[in-house]
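Structure at a glance
So you can see what is in the structure, the chains are spelled out below.
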Amino acid sequence: MEVPQVISILGNFGFPVMIAIYLLVRFEKRIEGLTEAITKLQQIMNNKF
């Protein structure tokens, strides 16, 4: 592969890949928070019933 082809591939796929990685990392933190909240809710519900 020649340099112009590599630059073209990075231009076409590099930006979308970086956005996808950014969103996955960002959503991972939110999913962990939701998991903790659900676990706490389960514990509260188990203690009441």
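Here we summarise the structure given alongside this text.

The rules behind these values
Every chain's residues receive numbers from 1 upward, in the order its sequence appears when written. Given that the model is predicted, a residue must reach a pLDDT of at least 70 before its local features are reported, and side-chain atom pairs must reach 80 or more before they are shown or counted; all residues, however, enter totals for whole chains, interfaces and linings. Where side-chain values are given, they derive from all heavy atoms of the structure, hydrogens and water being excluded. Only DSSP runs of H or I with at least four residues qualify as helices, and only runs of E with at least two residues qualify as strands; both kinds are numbered from the N terminus onward. Whether a residue is buried, partly exposed or exposed follows from its accessible area with a 1.4 Å probe, protein chains only, as a fraction of its type maximum: under 20%, in between, or over 50%, in that order. With residues, only the protein chains shown are counted as cover, and all accessible areas are computed by Shrake-Rupley using a 1.4 Å probe. Multiply 1.5 Å by the residue count of a helix minus one, and that product is the helix's expected span. Two axes are fitted around each residue, one to the seven residues ending there and one to the seven starting there, and the angle between them is reported as the bend at that residue.

**Looking at the overall build of the protein**
For the protein, the helix and strand inventory stands at one helix and zero strands. Along the three orthogonal principal directions, the C-alpha set of the protein runs to about 65 × 15 × 10 Å. Looking at the protein as a whole, 0% of its 49 residues qualify as buried. Accessible surface computed for the protein: about 4,900 Å², of which carbon and sulfur atoms make up 69%.

**Brief notes about helix H1 (residues 3–48)**
Residues three or four positions apart in an α-helix share a direction because the helix packs 3.6 residues into each turn. In this model, H1 (46 residues) spans 66 Å end to end at C-alpha, consistent with the 68 Å of a helix rising 1.5 Å per residue. Its maximal kink placed at Phe13, H1 deviates by approximately 35°, while the proline Pro16 follows within four residues.

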